[in-house]
Amino acid sequence: MKLTGKVALITGGNSGIGSATAALFASEGAAVVLTGRNPERGEQVAQAIRDDGGEAMFLCSDVRVAYDCRQAIERTLERFGRIDVLFNNAGVFHPKTVPECTEQEWDETIDSSLKGAFLMSKYALPSMIERGSGSIIHTSSGWGVLGGDRAAAYCAAKAGLIVMAKAMAIDHGPDGIRVNCVCPGDVQTPMLPDDAKKRGMQWEDYLAGASERPLGRIGTAEEIARAVLFLASDDASFVTGEALVVDGGGTAG
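Residues numbered from 1 in each chain as written. Predicted model: local features only at pLDDT ≥ 70, side-chain atom pairs only at ≥ 80, totals over all residues. Heavy atoms only, no water.

A. Region of the structure containing the sheet that holds strand E6 (residues 177-184). With parallel pairing, seven strands are arranged side by side in an open sheet as E3-E2-E1-E4-E5-E6-E9. Of all the strands in the sheet, the pair left with one neighbour each is strand E3 (55-60) and strand E9 (243-246). This sheet shows a mean twist of 20 degrees between the axes of neighbouring strands, independent of strand direction. Here E6 runs beside E9; their pairing, made up of four bridges, is parallel. For Pro-184, the partnering residue across the bridge sits in E9 and is Val-246. Here helix H4 (residues 103-131) sits on the sheet in contact with strand E1 (7-11), strand E4 (85-88), strand E5 (134-139) and E6, set at roughly 175 degrees to E4. In the packing of helix H8 (residues 221-232) onto the sheet, the strands contacted are E4, E5, E6 and E9, and the crossing angle to E6 comes to about 165 degrees. (Pairing = 2+ DSSP bridges. Helix = DSSP H or I, 4+ residues; strand = E, 2+ residues; numbered from the N terminus. Axes fitted to C-alpha atoms, helices over the stretch in contact; angles between N-to-C directions. Contact = heavy atoms within 4.5 Å.)

B. Spatial organisation of the nonpolar core. Counting residues in hydrophobic clusters, the biggest one holds 32 residues, and the most contacted among them are Leu-9, Ile-73, Leu-86, Met-120, Ile-136 and Val-179. When contributions to this core are tallied by element, the ones reaching two or more residues are E1, strand E2 (31-36), E3, helix H3 (66-80), H4, helix H5 (152-172) and E6. The biggest single contributor to this core is H4, with seven residues. Among all residues touching Leu-9, those that are not within four sequence positions of it are Val-33, Thr-35, Ala-72, Ile-73, Thr-76, Ile-83, Val-85, Leu-86, Phe-87 and Met-120. With 30 residues, the next largest nonpolar core counts Leu-24, Ala-26, Val-32 and Ile-137 among its residues. (Core = buried A, V, L, I, M, F, W, Y, C linked by side-chain atoms within 4.5 Å. Buried < 20%, exposed > 50% of the residue type's maximum accessible area, 1.4 Å probe, protein only.)

C. Structural context of the pairing of E4. Alternating residues of E4 divide into Val-85 and Phe-87 and Leu-86 and Asn-88, and every residue in both groups is buried. Pairing geometry for E1 and E4, over three bridges, is parallel. Bridge pairing in E4 links Leu-9 to Leu-86. As judged from the four bridges shared by E4 and E5, these two strands associate in the parallel manner. Looking at E5, one finds that Leu-86 is bridged to Ile-136. Crossover handedness for the path E4 to H4 to E5: right-handed. (Right-handed = clockwise from strand over helix to strand, strands pointing away.)

What follows is the structure, given as structure tokens:
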């Protein structure tokens, strides 16, 4: 029970890594607040946690909108009185080169990941500073470290999150707040088959690329969630400003 008595706010919490992390956090004793743009799916995730005996609340919220972010923080504080962990996990992916990427797709990608993390952190930090503690985690990517093909906007957003986390760690370490990134590789989430489809690839061919990694497979959302749990918990009490890559060795070569 590594998060007993803690309150965690997770953006993009209605599927994939976000929902897996929410379930794990709840099982470790945290009260969990989920945000996302799909209320039906978000409520299902929150209800599943409650059915398992956990405490969860879903807020329909768009991290690209400052008002929504401020409201999410305020409603969490009204309900629980504190925020111990902020997991900035929301994001989108358009497999496009720079010439192929539209301005709208670029803005959506940057705003969902980078601007969203900025806005949520902006409104969460004052309460964390007041309490003198907190852990903020951004979902970056292995492609935020090395880059990848047909993903210019995504790589830009994810790389920005890594250096943003380092800057925030410097600024807010004296406040007792740790800021880190988790950097997943390919993970079995709804985003992955969608990427394969947009690239015009068969799912089997897409998965075949996993054999080139040292561990020879793609990851699971639960495996990423355990890395996030480490960064959120006191197990990582001396870890800040780091980008923890969890990709089966994909960036090792």
